[in-house]
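Architecture and fold: a report
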Amino acid sequence: MSPKTSSAPSYSTTNSIMLRCLIGIIAACVVRVSVATAQTLEDRITSLINQMTTDELIKQLHQEGGFNTADNLRLGIPGLIMADGPHGVRDGSATSFPVGIGMASTWDVDLARRIGAAMGEEFRGKGKHQALGPCLDLDRDPRNGRSPETGGEDPFLDAQITTAVVKGIQSTPCIATIKHFNLNHRENGRTSNNVTVTRRMLNEFYGLSFRTAVQQGGAMSVMNAYNLINGEKCAESSELLSSILRSNWGFPYYVVSDWGSIWSSELAIKAGCDICMGSDNYQKDLPGLVQSGAVSLDVLKLAVRRVLRTKILAGLLDYYPAGDGADVNSPAHQQLCLEAGRKSLVLLKNQNNILPLNKYLGQTIALVGPSAAVCQIDGGGSAYVSPFYSVSPKQGLEAKLGAAKVKYARGCAINSNDTSEFQAARAIAQSADIVVFCGGLDPSQESEGMDRATGSIDLPGKQQDLINALAAVNPNIIVVLFSGGICGISRSVDNMKGLIYAFYPGQESGNALADVLCGEYNPGGKLPVTMPASNSQLPVWNDDFTGDLGYGYRWFERQGVTPLYFFGFGLSYTTFSYSNLQVTPTESTIGQSVTVNVDVTNTGLRPGEEVVQLYLSTNNSDVHAVAG
Ligand code: BGC
């Protein structure tokens, strides 16, 4: 399923095409026989709407049970069955793929599409019609509690990866929902934060990924954000839901509200928020609003039209194939998860080529840290996917090297001042050949509904003190960090010989990490966010987006501030050379495309993958460029 979008839909259903052929044959054989004309999609919707009572119309537009809308058995219209979320199905257990920011750190569009397709199969395997993902939010500040779900800090990278996920999901009979439209950037006060922004920024910068997913990905559903934009709730903003999304971008399908985000049913339905979830507001308010004339029947019917259009084009009314339960956590999806996990790891430091560890094979490893014996799957919230199994770093390394070679001590908790476990960790570090420290964040530190628990980007608790204490007894220390929002490590980075940023790489995390540490897979991930050296390097984090170049690499470049690691940075176990850069034509007019070629050669001894990055800026724009 990959329908093209159009502002003036003029689709015919498969049935109507077949009917047309049939009519053609009959008409050719029998002269002067009068026949009905083929029914277009819009005619079919009109006919259904005309048969509906007001009550039936309203029932198409609100939840019936936590994640469903009601069936209309009389007219053969199924309700929608939805489930979160962005990195797998949140309903019971399912394959837990890397989180959004981890998919972005692969920079691999084809992989993102394959993950989308696998997720779509699992949604269908669990009987769902609609995935409440992917999440297109940008990571404007690493302290945002939903950083794990974001596509990183850059609109273009976000757009490419999430559009590929949408295409993948919708290559199966599952509807993708792009969220949260728009400008959701922090969790504290998320339902009342009022973002001020120019229309240009809204369209070109924060809108880029949504527009791309709508126009190039064919996304069939959009979820509004909780926050306000320029004083209007996103669920109730006709500028957002009608002008930008529909009139400008041509989105023909339905908008689903974020859970409980509609305050005024009248404003929301008039603005173009079609389905109300997480509250009974539409159910409660729409009958009276229609009766009093405050909401016209035409407004109601328009919302139902969009819902029916989506349902019909998704196949729900006609030939909808059953999902296959065997797709859920299938061996193929586990393998894909491992591939994705490996590709999402970013090698940031490799002093004296301490990695890969293959030269140390046979020697002992001290495995330390609060995330060494647990597989960190995600921060907290509605995106969390419970896997059937997961592989911790300890399990991954023990499977690879043999349990006898891996000595484990936790050393400290994620965020505590308790140092009583330091001694045991130091002891194993001292007697080992290599130390691997695994730490970062977990759902207690970053979550939906809650920004970074400490309010600081720094790796929390005593983790940096422990890294320093371990390095003092064994300098061969490699640090692996798991988190969504990137962590500051300025007090310990000089003491690390190796550093891998892992984000949350999915249920195969430990195997992916062991493959990279031991050199069976050459890491090629690149940072999808800038890694600041300290809190003081971050811009002020507020809701004023006006004139916002405001964060990430654009901020660092403008301020002349050097971060710890740049956006797009990531090392490999091999080396690449770039040569023969050609730009054709060398001068172009507006609208003319330009082709850029470059030869990339692997000049090292190992096979490896490279992400070729090209950054453009304009010298003489009339308006100061925002999209870079
Ligand atoms: C989240 C959405 C999610 C919904 C349903 C909301 O709180 O913001 O992303 O899809 O809950 O779980």
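Scroll up to find the structure this text is about.
Residues numbered from 1 in each chain as written. Predicted model: local features only at pLDDT ≥ 70, side-chain atom pairs only at ≥ 80, totals over all residues. Heavy atoms only, no water.

**So, the overall build of the protein**
- For the protein, the helix and strand inventory stands at 18 helices and 16 strands.
- Counting only residues that meet the buried cut, the protein has 57% of its 628 residues in that class.
- Total accessible area on the protein is roughly 23800 Å²; 51% of this is exposed by carbon and sulfur atoms.
- For the protein, the centre of its 49 positive side-chain charges and the centre of its 58 negative side-chain charges are spaced 2 Å apart. (Helix = DSSP H or I, 4+ residues; strand = E, 2+ residues; numbered from the N terminus. Buried < 20%, exposed > 50% of the residue type's maximum accessible area, 1.4 Å probe, protein only. Areas by Shrake-Rupley, 256 points an atom, 1.4 Å probe, with all protein chains shown as cover. Lys, Arg positive; Asp, Glu negative; His and termini not counted. Charge placed at Lys NZ, Arg CZ, Asp CG, Glu CD.)

**Concerning the sheet that holds strand β8 (residues 254–256)**
- In space, the five strands of this open sheet follow the order β1-β2-β3-β5-β8, with parallel pairing throughout. Every interior strand has two partners, whereas the edge strands, β1 (82–83) and β8, have only one.
- Where strand β2 (residues 130–131) meets strand β3 (residues 175–181), two bridges bridge the pair, whose relative direction is parallel. Directly across from Gln 130, in β3, lies its bridge partner Ile 175. (Pairing = 2+ DSSP bridges.)

**Things to note about helix α11 (residues 281–292)**
- With 12 residues, α11 should cover 16 Å at 1.5 Å per step; its first-to-last C-alpha distance of 16 Å lies within 8% of that length.
- Within α11, burial applies to Asn 281, Tyr 282, Leu 286, Leu 289 and Val 290. In an axial view of α11, the angular spread of the buried residues amounts to 105°, which keeps them on one side of the axis. The exposed residues of α11 that point more than 90 degrees off its buried face are Lys 284, Gln 291 and Ser 292.
- Buried residues along α11 sit in contact with α3 (54–59), α10 (265–271) and α12 (297–313).
- At the C-terminal side of α11, Gly 293 shows a positive phi close to 85°. (Expected span 1.5 Å × (residues − 1). Arc of directions from axis to C-beta. Contact = heavy atoms within 4.5 Å.)

**Description of the site of the ligand**
- Of all residues adjacent to the ligand, which total 14 residues, the nearest are Asp 84, Arg 146, His 180, Asp 258 and Glu 448.
- Glu 448 places a polar side-chain atom, nitrogen or oxygen, 2.6 Å from an oxygen atom of the ligand.
- Compared with its free state, where it exposes 310 Å², the ligand has 94% of that area covered by protein.
- Among the residues forming the shell around the ligand, the class breakdown is five nonpolar, two polar and seven charged. (Near = heavy atom within 4 Å. Polar contact = N/O pair within 3.5 Å; in protein donor to acceptor, adjacent residues only side chain to side chain. Nonpolar A, V, L, I, M, F, W, Y, C, P; charged D, E, K, R; others polar.)

**Observations concerning the environment of Trp 541**
- Its location among the elements puts Trp 541 in the loop between α17 (509–517) and α18 (552–559).
- Given the relative accessible area of 19%, Trp 541 is considered buried.
- Setting aside chain neighbours within four positions, we find Trp 541 in contact with Arg 140, Asp 141, Arg 143, Asn 144, His 185, Arg 186 and Asp 451.
- At a separation of 3.3 Å, a polar atom in the side chain of Trp 541 contacts the side chain of His 185.

**Overview of helix α9 (residues 238–248)**
- Leu 240, Leu 241, Ile 244, Leu 245 and Arg 246 are the residues of α9 that are buried. Down the axis of α9, the buried set is contained in an arc of 160°. They therefore lie on one face.
- Looking one or two residues beyond α9, the residue adopting positive phi is Gly 250, at roughly 80°.

**A short note on the side chain of Arg 190**
- Within the element layout of this structure, Arg 190 appears in the loop between β3 and β4 (194–195).
- Look past the residues within four positions of Arg 190 in its chain and what remains in contact with it is Arg 146, Tyr 226, Asn 227, Glu 448 and Gly 449.

**Regarding the packing of helix α5 (residues 109–125) against helix α6 (residues 155–169)**
- Packing of α5 against α6 leaves a shortest axis separation of 6 Å and a crossing angle of 35°. In the crossing of α5 with α6, the sense of the turn from one axis to the other is right-handed. Contacts between α5 and α6 pair Val 109, Ala 112, Arg 113, Gly 116, Ala 117, Met 119 and Gly 120 from the former with Gln 160, Ile 161, Ala 164, Val 165, Lys 167, Gly 168 and Ile 169 from the latter.
- Of the residues that constitute the contact of α5 with α6, the class distribution is eight nonpolar, four polar and two charged. (Axes fitted to C-alpha atoms, helices over the stretch in contact; angles between N-to-C directions. Left-handed = near helix turned anticlockwise from the far one by under 90°.)

**A look at the packing of α5 against helix α13 (residues 331–344)**
- Relative orientation of the contacting elements α5 and α13 amounts to 145°, with a least axis distance of 11 Å. Like other packed secondary-structure pairs, α5 and α13 cross with a definite hand, here left-handed. For the pair α5 and α13, contact is made by Leu 111, Arg 114, Ile 115, Ala 118, Glu 121 and Glu 122 and by His 333, Leu 336, Glu 339, Ala 340 and Lys 343, respectively.
- Residues belonging to the contact of α5 with α13 are distributed by class as follows: five nonpolar, one polar and five charged.

**What about the packing of aromatic side chains?**
- Taken as a whole, this structure holds 13 aromatic pairs when the rule is applied.
- A ring pair is formed by Phe 181 and Phe 210, whose centres lie 5.0 Å apart and whose planes are at 55°; its orientation type is tilted. In this pair, Phe 181 sits in strand β3 while Phe 210 sits in helix α8 (residues 208–215), placing the two residues 29 residues apart along the sequence.
- Exposure remark for Phe 181: the relative accessible area of 1% places this residue in the buried category.
- Overall, the relative accessible area of 1% leaves Phe 210 in the buried class.
- If you follow Arg 140 out to its NZ or CZ, it ends over the ring of Phe 545, 3.6 Å from the centre.
- Taking the ring centre of Trp 263 as reference, the NZ or CZ of Lys 233 above it sits at 3.8 Å. (Phe/Tyr/Trp six-rings, centres within 6.5 Å; stacked < 30°, edge-to-face > 60°. Lys NZ or Arg CZ within 6 Å of the ring centre and 35° of its normal.)

**Observations concerning unusual backbone geometry**
- Each neighbour pair has its own omega, and for Phe 181 with Asn 182 the value is 5°, a cis peptide bond.
- Locating Asn 182 in the fold gives a position in the loop between β3 and β4.
- Phi at Leu 183 takes a positive value of approximately 70°, unusual for a residue other than glycine.

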